[in-house]
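# Chain and residue survey
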Amino acid sequence: FTHAVTTGALVGSDTLSGALARNAGENVGSYAITQGTLAANANYTLTFGGGSFAITPKPITLTANSGQTKIYGATDPVTLTYTVPVGALVGSDAVTGTIVRATGENVASYAIAQGTLSAGANYTLSFVPANFTITPKPITITANSGQAKTYGTNDPDTFTYTVPAGALVGTDALSGA
């Protein structure tokens, strides 16, 4: 810590010895700077005017992992994932909370947001979003065999097909012919 003589002056080659100190603590906050071992020789009466030392939040950037997907009709993954840069956290500090995605269940991309992520008061978080993608569900429709007509007659009004059990989601239905 640095200091300056603000009133009076040292004589000749006289100097101050020792060092300033600060109140203990490593978390974000303001800590008093104390006289510590700073002293003058017996020719001086030293009056110390304290100062303060600030510990500010460490900025870190968390990034939503790209490429997170599900197939239409499936449940979301249990946890959406993100990356914490190596060395971004101090000691045993950890990120808590979860990221979230925009609501929706149809085929589309949905923004992933910071949600409740926090690393505590010692950090300022920045979040780089990504997209969660719902992809189309593949299904196979099979034309029913044995459909026929007699030569010279019109085709039937409707050809039939089979939809495998569980192929469609909820109340979804096929349309067209």
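Before going further, it helps to examine the overall build of the protein chain. Of the regular secondary structure elements, the protein chain holds zero helices and twelve strands. When the helices and strands of the protein chain are placed in sequence order, the string is β-β-β-β-β-β-β-β-β-β-β-β. Relative to the 2.2 N^0.38 estimate, which gives 16 Å for 177 residues, the radius of gyration of the protein chain is 35 Å and therefore markedly larger than a compact globule would have. Overall, the protein chain is about 125 × 25 × 25 Å in size when its C-alpha atoms are taken along their principal axes. In the protein chain, once contacts between residues fewer than 6 apart in sequence are set aside, the share between residues at least 24 apart is 47%. Element-wise, carbon and sulfur atoms account for 55% of the exposed surface of the protein chain, whose accessible area totals about 12100 Å². Side-chain charges of the protein chain comprise 6 positive and 8 negative groups, with the mean position of each set lying 4 Å from the other.

Next up on the list: the sheet that holds strand β8 (residues 108-113). What the four strands build is an open sheet, ordered β5-β10-β8-β7; its pairing is mixed. Of all the strands in the sheet, just β5 (68-71) and β7 (100-101) have a single pairing partner and so form its edges. Bridge analysis of β5 against strand β10 (residues 131-135) gives four bridges, and the strand direction is parallel. For K70, the partnering residue across the bridge sits in β10 and is I134.

Throughout the structure, instances matching the rule amount to six salt bridges. The partner of K70 in a salt bridge is E105, and the shortest N-O contact between them spans 2.5 Å. One end of the pair, K70, is in strand β5; the other, E105, is in the loop between β7 and β8, with 35 residues separating them in the sequence. Relative accessible area serves as the criterion here: at 7%, K70 is assigned to the buried category. Taking the relative accessible area as the measure of exposure, E105 reaches 42% and is therefore partly exposed. Beyond isolated ion pairs, a larger network of salt bridges with shared partners links K70, D76, R101 and E105.

If you look at the biggest cluster of nonpolar residues, it comprises 18 residues, and the most contacted ones within it are I60, L62, I112, L117 and F127. Once you skip the residues sitting within four places of it in the chain, I60 turns out to touch A88, L89, A119, Y123, T124, L125 and S126.

Quick look at the pairing of strand β2 (residues 29-34) now. The sheet contact formed by strand β1 (residues 21-22) and β2 spans two bridges and is antiparallel. When the sheet's bridge partners are listed, A21 is paired in β2 with T34. Turn length for the β1-β2 hairpin, with the two strands adjacent in sequence and antiparallel, is six residues, and the turn residue G25 shows positive phi of about 145°. Taken together, the five bridges between β2 and strand β3 (residues 51-55) define a ladder with antiparallel strand orientation.

Residues Y123, L125 and F127 of strand β9 (residues 123-128) are buried on one face, while the alternating residues T124, S126 and V128, pointing to the opposite face, are not. Of the strand pairs in this sheet, strand β4 (residues 58-64) and β9 are connected by six bridges, and their pairing is parallel. Among the inter-strand pairings, T63 is bridged to a residue of β9, identified as V128.

Cut-off values and rules
Residues numbered from 1 in each chain as written. Predicted model: local features only at pLDDT ≥ 70, side-chain atom pairs only at ≥ 80, totals over all residues. Heavy atoms only, no water. Helix = DSSP H or I, 4+ residues; strand = E, 2+ residues; numbered from the N terminus. Rg over C-alpha atoms; globule rule 2.2 N^0.38 Å. Contact = heavy atoms within 4.5 Å. Areas by Shrake-Rupley, 256 points an atom, 1.4 Å probe, with all protein chains shown as cover. Lys, Arg positive; Asp, Glu negative; His and termini not counted. Charge placed at Lys NZ, Arg CZ, Asp CG, Glu CD. Pairing = 2+ DSSP bridges. Salt bridge = Lys/Arg side-chain N within 4 Å of Asp/Glu carboxyl O. Buried < 20%, exposed > 50% of the residue type's maximum accessible area, 1.4 Å probe, protein only. Core = buried A, V, L, I, M, F, W, Y, C linked by side-chain atoms within 4.5 Å.

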